[in-house]
Amino acid sequence: MPANPIIAPFPQTRLRRLRRSPLLRDMLTETTISAANLIWPVFVTEVEGADCDIASMPGVRRYTVDGVRAAAEHAAGLNIPAICVFPHSDQALRTESCERAWDPENIGNQAIRAIKEAVPEMVVMTDIALDPYNANGHDGIVRNGEIVNDETVECLVRMALVQAEAGADILGPSDMMDGRIGAIRAALEQHGHQGVAIMSYAAKFASGFYGPFRDAVGASGRLIGDKKTYQVNPANREEALRCVARDLSEGADMVMVKPGMPYLDICREVRDRFGAPTFAYQVSGEYAMIEGAVRNGWLSRDVVMESLLAFRRAGCDGILTYFAPEVAQALA
Ligand code: PBG
């Protein structure tokens, strides 16, 4: 009888040996996550009564300026190092020329100052794009149905300067116009903001996963058309890598991949190819998917931590995630 080929050759390598006990597994854990890896995106509103839960993001709410002070203190208590501010502005003040975007008194800038007052050491990050202040919901100025690049960049530079003036530590251009990183960097240097960093939304894809965010900032009903003339086609890996190379060459200090989980291949490649600090944004639609399934009892809450660990395994230094407070609490 010939030996049974399936059981006869004893395995030389039994990978299960190292999975036998909790301590062994802990000892051999390759990837870790801590609160220090988290950036918490928060929505701040100036609209009376809008400081409430966001229907498509259960568990996520908008804050008033006063509310965001308390939120910052809460985050600091959980060792979350950074908050990213997203404004929900008064609909009546949104215009085609978007001038509120660079008003030092707009709700985003009020929130930056409020957080810095409440928790001076908190790293405050911003978003640079015109959509929260734009009558048509686009990230850029629209002329004859086209999103005009260079004129938009001038607006973004003004926006960047007032955010830096308000005390922001990291500026996050999320608009995907060409040339904006270089223009913003030059303006920051000229105006004495050498220490203000830029995290470029470099590999930002034209994604359906941003839907709930657009509800949160009140841009959903307004958006005419889509953002495909400026955000990257989800099919394009090489193009995304060229965006990252370009933004780093223009002076970005850090780069972001967005959305996150469906684009982990891009995260890994960006980290390996450029070696620059790399972040992923676990966006609103990813949050909604996970939280929705957990609330329905279809998935266990363990998937929250698993999803964040996946970003770390893919090479990300940190993650922007709406789960930040929950995860920081669990890690405390
Ligand atoms: C604005 C911006 C968007 C997000 C962050 N900044 C929306 C968009 O590009 O349409 C999405 C974040 C999220 O979905 O959580 N340009």
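- You'll find the protein chain entered in an unreviewed UniProt entry as Delta-aminolevulinic acid dehydratase, with Paracoccus aurantiacus given as the organism.
- Here is the UniProt Sequence similarities (unreviewed entry) comment for the protein chain, exactly as written: "Belongs to the ALAD family."
- Looking at the protein chain in UniProt, the text filed under Pathway (unreviewed entry) is "Porphyrin-containing compound metabolism; protoporphyrin-IX biosynthesis; coproporphyrinogen-III from 5-aminolevulinate: step 1/4."

Quick notes on the nonpolar core
Line of reasoning, step 1. Ranked by internal contacts, the top residues of the largest apolar core, which has 98 residues, are Val 42, Ile 83 and Ala 160.
Line of reasoning, step 2. With nine residues, the top contributor of residues to this core is helix α4 (residues 149–166).
Line of reasoning, step 3. Those residues in contact with Val 42 that sit more than four places away from it in its chain are Tyr 63, Val 68, Ala 71, Ile 83, Val 85 and Phe 86.

Notes on the pairing of strand β11 (residues 278–282)
Line of reasoning, step 1. Burial of β11 is extensive: five of the five residues sit out of reach of the surface.
Line of reasoning, step 2. Residues Thr 278, Ala 280 and Gln 282 of β11 are buried on one face, and the alternating residues Phe 279 and Tyr 281, pointing to the opposite face, are buried as well.
Line of reasoning, step 3. Pairing of strand β10 (residues 254–258) with β11, which is carried by three bridges, proceeds in the parallel orientation. Across the sheet, Val 255 pairs through a bridge with Thr 278, a residue of β11.
Line of reasoning, step 4. What joins β10 to β11 is helix α8 (residues 264–274), and the crossover it makes is right-handed.
Line of reasoning, step 5. The pairing of β11 with strand β12 (residues 318–321) spans four bridges and is classified as parallel. Bridging across to β12, Tyr 281 finds its partner in Leu 320.

Quick word on the UniProt feature "active site" (unreviewed entry) in the protein chain
Line of reasoning, step 1. According to UniProt, the "active site" (unreviewed entry) feature falls on Lys 204 and Lys 258. In summary, the annotated positions, though distributed over 55 residues, converge in three dimensions, the widest C-alpha pair being only 4.9 Å.
Line of reasoning, step 2. In this structure, Lys 204 sits in strand β9 (residues 197–204).
Line of reasoning, step 3. With respect to the helices and strands, the residue Lys 258 is situated in strand β10.
Line of reasoning, step 4. Exposure remark for Lys 258: the 23 C-beta atoms within 10 Å place this residue in the buried category.
Line of reasoning, step 5. Sequence-distant contacts of Lys 258, that is, excluding residues within four places in its chain, are made with Tyr 201, Lys 204, Phe 205, Tyr 281 and Val 283.

Comments concerning unusual backbone geometry
Line of reasoning, step 1. Cis geometry is adopted by the peptide bond preceding Pro 259, which originates at Lys 258 and carries an omega value of -10°.
Line of reasoning, step 2. Within the secondary structure, Pro 259 is located in the loop between β10 and α8.
Line of reasoning, step 3. Positive phi, close to 70°, is recorded for Asn 79, a residue that is not glycine.
Line of reasoning, step 4. Tracing the chain through its elements places Asn 79 in the loop between α2 (65–77) and β4 (82–88).
Line of reasoning, step 5. Given 14 C-beta atoms within 10 Å, Asn 79 falls into the partly exposed group.
Line of reasoning, step 6. Its identity as a non-glycine residue notwithstanding, Asn 144 has a phi of 50°, on the positive side.
Line of reasoning, step 7. You can see Asn 144 is positioned in the loop between β6 (141–143) and β7 (146–148).
Line of reasoning, step 8. Residue classification places Asn 144 among the exposed residues on the basis of 5 C-beta atoms within 10 Å.

Here's the deal with helix α9 (residues 284–295)
Line of reasoning, step 1. If you check α9, its first and last C-alpha atoms are 16 Å apart, about what 12 residues at 1.5 Å a residue would give, namely 16 Å.
Line of reasoning, step 2. Looking only at α9, the buried set comprises Ser 284, Gly 285, Glu 286, Tyr 287, Ala 288, Ile 290 and Glu 291.
Line of reasoning, step 3. On its buried face, α9 sits against β3 (57–63), α6 (211–216), β11 and α10 (302–313).
Line of reasoning, step 4. Positive backbone phi, approximately 80°, marks Gly 297, located one or two places after α9.

Thresholds applied
- Residues numbered from 1 in each chain as written.
- Predicted model: local features only at pLDDT ≥ 70, side-chain atom pairs only at ≥ 80, totals over all residues.
- UniProt positions renumbered as here; feature names shortened; annotations may be inferred.
- Core = buried A, V, L, I, M, F, W, Y, C linked by C-beta atoms within 7 Å.
- Buried ≥ 20, exposed ≤ 12 C-beta atoms within 10 Å, placed from the backbone.
- Helix = DSSP H or I, 4+ residues; strand = E, 2+ residues; numbered from the N terminus.
- Contact = placed C-beta atoms within 7 Å.
- Pairing = 2+ DSSP bridges.
- Right-handed = clockwise from strand over helix to strand, strands pointing away.
- Expected span 1.5 Å × (residues − 1).

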